[in-house]
2 protein chains.
Amino acid sequence: MGMMQRREHILEELEHAQELDALQIAIEELRDHFGVDHMVYHWVSANGDQYGCGTYSDAWRDRYIEQDYIRTDPVIVGCFQRFHPVDWKRLDWSGKAARAFQREAITHGVGNQGFSIPIRGPNGQFALFTVSHHCDDDTWATFTDANRRDLILIAHEFNQKALEFEPGRAPEQARALSPREVDAMTLIAIGYSRAQVAETLSISEHTLRVYIESARFKLGALNTTHAVAKALSRGLIVI
Amino acid sequence: MGMMQRREHILEELEHAQELDALQIAIEELRDHFGVDHMVYHWVSANGDQYGCGTYSDAWRDRYIEQDYIRTDPVIVGCFQRFHPVDWKRLDWSGKAARAFQREAITHGVGNQGFSIPIRGPNGQFALFTVSHHCDDDTWATFTDANRRDLILIAHEFNQKALEFEPGRAPEQARALSPREVDAMTLIAIGYSRAQVAETLSISEHTLRVYIESARFKLGALNTTHAVAKALSRGLIVI
DNA sequence: TTTTCTCTCCCCCGAAATGGTGAGGGATGG
DNA sequence: CCATCCCTCACCATTTCGGGGGAGAGAAAA
């Protein structure tokens, strides 16, 4: 089986997978296929849930979770601010904690080289697809140049499949807001006071309050700020 | 020049482009290359700035902006809620306004078929890469199946290049929030009152207020609700 | 070392937002 | 045609928020 055929085969199996385990199997096969030390996919959902699969050692994964490294890992922090896939060398490794983290990761078998692809979805979903390897800079540069596009596509296939399996996907489908409610919530969200919003919309402040309360009710929100947050994270309003 | 060579050539030219105009040129070439009626790239940043390029008629573009269709266009609304690329047929076209919009779009030369790829970046950036064509369902399904992956990659290349040229990129790079500020803003965003947040975090309400005000200052927000909205739309907090 | 940031605490008071309830005309959809 | 939603307006008392001060300890970065 040729290189491309092998890859297509793995991705096709993934596409038709019915169970979450298939992701773990596929990522191990892809790791072997690309001939790198590690390949990891990992996401954080809107409600703080996490899911990950990959080839890091159990010890490292446990340690990572135990130490809540997700909050300080320079790869996570750096990718969260970027759109593009990024080579680990280009991240900010200054700082005591970052260097200590790096040392610890390498002792746990993580490669000295890495390439991570950030992926974003609605409601603040953020996922990271990472390949890591132990080699010199030139070898790594050659590898990433050659496989960049494939890795991007694979990252997306993975994310798509992972989202399919996500349990808490579309449970709470909020009722859509009326046009006036959208106007009101949008202006509130950009910092206007109720008086300013009412003036902007040319309605009385009393009327405005009806919209806000109506929106709050529809969104199941506890107060105005909560309603704005919910409306934003569901894409009902945009600022 | 073969099909793939032609595409590679267009993308390579795009990659080395130094001016924003190159995007417009590239998208027209790609449209011709794929043999579709229209191809459009279009993004919205957190601060409301927009940029777009594509092959829609000037009349339609002007009309779209004039009517602020970006707020009601079912393609935008639908894609904002999704991660995956989506065929227009799968969007919600019920509702009077949506159907009227669709009719008007078609009279302006937009195809009856469409395929849109949502792309997201840090700080709430949201972009859409769309191909549209006039043909029957089967023809369109064949086309999208065959070109789905290529279109995803092209969408990313486009977005990458567009971000390079974006003028207002780094200016309003909000300072990151401190851990306690993130805690405070997150709890506020899920509807807690100041008193509840203070109790949850086991700090005095006075201290809590310092965090909120500090976050508000860092985010350049006018009030708490505004600060929550900004933090959310920049991905600094997640609910 | 010095500076800069973070985290924690405290005061006061006026302005603003909230929650509950009610009501009438108009548009839309089944 | 009738139910359902949308838009508009109004009053009440209570809770919450906003803005203005100031201060000390500790950690980390430059």
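Residues numbered from 1 in each chain as written. Chains lettered and ligands numbered in written order. Predicted model: local features only at pLDDT ≥ 70, side-chain atom pairs only at ≥ 80, totals over all residues. Heavy atoms only, no water.

## Focus on the protein's contact with DNA strand D
In the vicinity of DNA strand D there are 17 residues, among which A:Ser178, A:Tyr211, B:Arg209, B:Arg216 and B:Thr224 approach most closely. A:Tyr211 is positioned with one of its side-chain polar atoms (N or O) 2.3 Å from a phosphate oxygen of DNA strand D. Sorting the residues of the surface near DNA strand D by element identifies helix H7 (179–189) and helix H9 (205–219) of chain A together with helix H9 (205–219) of chain B as the ones contributing at least two each. Across the surface near DNA strand D, the residue classes tally to 4 nonpolar, 6 polar and 7 charged. (Near = heavy atom within 4 Å. Polar contact = N/O pair within 3.5 Å; in protein donor to acceptor, adjacent residues only side chain to side chain. Helix = DSSP H or I, 4+ residues; strand = E, 2+ residues; numbered from the N terminus. Nonpolar A, V, L, I, M, F, W, Y, C, P; charged D, E, K, R; others polar.)

## A few points about the sheet that holds strand S1 (residues 38–44) of chain A
Residue and element names in this part refer to chain A. Pairing within the open sheet is antiparallel, and its 5 strands lie in the order S2-S1-S5-S4-S3. Where the open sheet ends on each side, the last strands, each with one partner, are strand S2 (50–54) and strand S3 (86–87). The pairing of strand S4 (residues 113–120) with strand S5 (residues 126–133) spans 8 bridges and is antiparallel. Bridged to Gly114 within S5 is Ser132. Across the face of the sheet, helix H2 (residues 21–34) comes into contact with S1, S2 and S5 while running at roughly 145° to S1. (Pairing = 2+ DSSP bridges. Contact = heavy atoms within 4.5 Å. Axes fitted to C-alpha atoms, helices over the stretch in contact; angles between N-to-C directions.)

## Topic: the relation of the copies chain B and chain A
Superposition of chain B onto chain A requires a rotation of 179° combined with a translation of 0.7 Å along the rotation axis, giving an RMSD of 1.7 Å. Look at the turn and shift together and you get a two-fold axis relating the two. When C-alpha distances to the rotation axis are compared across chain B, the minimum falls at B:Thr225, with a value of 2.2 Å. Interface residue correspondence from chain B to chain A reaches 95%, placing this contact among same-surface, isologous pairings. (Least-squares fit on C-alpha atoms with pLDDT ≥ 70 in both.)

## Let's talk about helix H10 (residues 224–233) of chain A
Across the 10 residues that make up H10(A), a large majority, 9, are buried. Taken as a whole, H10(A) has its buried residues at A:Thr225, A:His226, A:Ala227, A:Val228, A:Ala229, A:Lys230, A:Ala231, A:Leu232 and A:Ser233. Here the buried face of H10(A) lies against H7 and H9 of chain A together with helix H7 (179–189) and helix H10 (224–233) of chain B. Two or three places before A:Thr225, at the start of H10(A), stands the capping residue A:Asn223, its side-chain oxygen 3.3 Å from that residue's backbone nitrogen. Directly after H10(A), the chain includes A:Gly235, whose backbone phi takes a positive value near 75°. (Buried < 20%, exposed > 50% of the residue type's maximum accessible area, 1.4 Å probe, protein only.)

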